[in-house]
Amino acid sequence: METVLVAGATGYAGRHLAAALHAGGYRVRAVVRDVERARGPGAYGAPALAGLVDEWVEADVARVGPGVMEGVERVVSALGVTRQKADPWDIDYAANLRLLELAEAAGAASFLYVGVMNAQDGTSALMRAKAAFEQALRRSDLEAQIVNPSAYFSDLTAVLDLARRRIAVRVGAGDTRIRPIHGADLAGFCVDRMGARGTWDVGGPDVFTYREVVELAFDALGADPRWIVVPPGVLRAGVWAADRMGPRVSSLTRFFAEGLQHDGVGAATGTRRLRDYFGELAGPGGG
Ligand SMILES: NC(=O)c1ccc[n+]([C@@H]2O[C@H](COP(=O)([O-])OP(=O)(O)OC[C@H]3O[C@@H](n4cnc5c(N)ncnc54)[C@H](OP(=O)(O)O)[C@@H]3O)[C@@H](O)[C@H]2O)c1
């Protein structure tokens, strides 16, 4: 039985990865900040880690020592800053790089990284940090798997939340395309790639424009969207203002502004559909 070290195990993607690895017969070692929180269920329906993790390492992932890799054959990282107040250069780049270097020194076989699509084109600190780690991983002698997913169902829950408040926003025509993916489908895809070497842009079974995602959310609630249309020029002005409000605001604004304007589709995988996810969240009466 191979031991896989999972970083970012308490996140949406990380919890589904731990579940898929456990189901796939791997021994799961998870690095987490708080074991008690990790044992319980995650947000957006992501699984509780109790029963899925064989060995806990309670530590600051940015400061782990070589012992964390003892007996580890593979590393899987979904470690990254999303809502956390941290600098992406410290986590997405430096903490992942530290894990990579420890894995290399310990003679591990592979390192699978859950990144993000279009990282090399992004101008936010988040995208730059992720792109820099991807490059370091590509240069490693370890068997590198880089999986860049489209938008997670978890993130698109915000669209349904806005629809509940009858808010429908789009940038311009809203015709940027994405392929939303459920965490379990992403995790299944990743586990199937263990042992291969490569980079994959991946999404769920359906392609939608952002406009269609909003329409899907309103549909689930049995309501009609009344649109607030943000001209792309206003978004540019928002980025200009955000750049003057500090690095965190600037990075997040650039990340979302660019994400709303660049297609992020990738290859299709999985069976879970956004329509069903929104339908379950909305409930039988449409919320
Ligand atoms: N959400 C999307 O739509 C989407 C799409 C494509 C790619 N991605 C990428 O996929 C990865 C996983 O996303 P996700 O939605 O699963 O994120 P998430 O739920 O926020 O999980 C992120 C993980 O990283 C850990 N982490 C973050 N900051 C940390 C810090 N300062 N110190 C220690 N641990 C820290 C979190 O630990 P705690 O639980 O302790 O905070 C958590 O385990 C990210 O790199 C993200 O950019 C996301």
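Basis of the calculations
- Residues numbered from 1 in each chain as written.
- Predicted model: local features only at pLDDT ≥ 70, side-chain atom pairs only at ≥ 80, totals over all residues.
- Heavy atoms only, no water.
- Helix = DSSP H or I, 4+ residues; strand = E, 2+ residues; numbered from the N terminus.
- Buried < 20%, exposed > 50% of the residue type's maximum accessible area, 1.4 Å probe, protein only.
- Lys, Arg positive; Asp, Glu negative; His and termini not counted.
- Charge placed at Lys NZ, Arg CZ, Asp CG, Glu CD.
- Axes fitted to C-alpha atoms, helices over the stretch in contact; angles between N-to-C directions.
- Parallel < 35°, antiparallel > 145°, perpendicular 65-115°, else oblique.
- Left-handed = near helix turned anticlockwise from the far one by under 90°.
- Contact = heavy atoms within 4.5 Å.
- Patch = residues over 30% accessible without salt bridge, like charges linked within 9 Å, V, L, I, M, F, W, Y side chains within 5 Å.
- Areas by Shrake-Rupley, 256 points an atom, 1.4 Å probe, with all protein chains shown as cover.
- Salt bridge = Lys/Arg side-chain N within 4 Å of Asp/Glu carboxyl O.
- Near = heavy atom within 4 Å.
- Polar contact = N/O pair within 3.5 Å; in protein donor to acceptor, adjacent residues only side chain to side chain.
- Nonpolar A, V, L, I, M, F, W, Y, C, P; charged D, E, K, R; others polar.

**Concerning the overall build of the protein**
Helix and strand content of the protein: 10 helices and 12 strands. Seen through its C-alpha atoms, the protein measures out along the principal axes to roughly 55 × 45 × 35 Å. Buried residues in the protein amount to 49% of all 287 residues. Each charge class in the protein was averaged separately, 32 positive and 34 negative side chains, and the resulting centres sit 5 Å apart.

**Quick notes on the packing of helix H7 (residues 210-221) against helix H10 (residues 274-282)**
For any two helices packed against each other, one specifies the crossing angle of their axes together with the interaxial distance. Following both chains from N to C, one finds H7 and H10 inclined at 40 degrees, their axes separated by 9 Å at the closest point. With respect to H10, the axis of H7 lies oblique. Judged by the twist between their axes, the crossing of H7 over H10 is right-handed. Residues Val213, Leu216, Ala217, Asp219, Ala220 and Leu221 of H7 form the contact with H10, whose participating residues are Leu274, Arg275, Phe278, Gly279 and Ala282.

**Description of a nonpolar patch on the surface**
A contiguous nonpolar patch, built from Leu162, Val169 and Ile228 and spanning about 220 Å² of accessible area, is present on the exposed surface. Inspection of the secondary structure puts Val169 in strand S7 (residues 168-171). You can call Val169 partly exposed: its relative accessible area is 36%.

**Side note on the site of the ligand**
Around the ligand there are 25 residues in total, and Thr10, Arg37, Thr82, Lys130 and Tyr152 lie nearest to it. Here an oxygen atom of the ligand sits 2.7 Å away from a polar atom, N or O, in the side chain of Arg37. At 2.6 Å from an oxygen atom of the ligand is found a side-chain nitrogen or oxygen belonging to Lys130. Taking 900 Å² as the accessible area of the ligand by itself, protein coverage stands at 90%. Split into classes, the residues belonging to the shell around the ligand amount to 13 nonpolar, eight polar and four charged.

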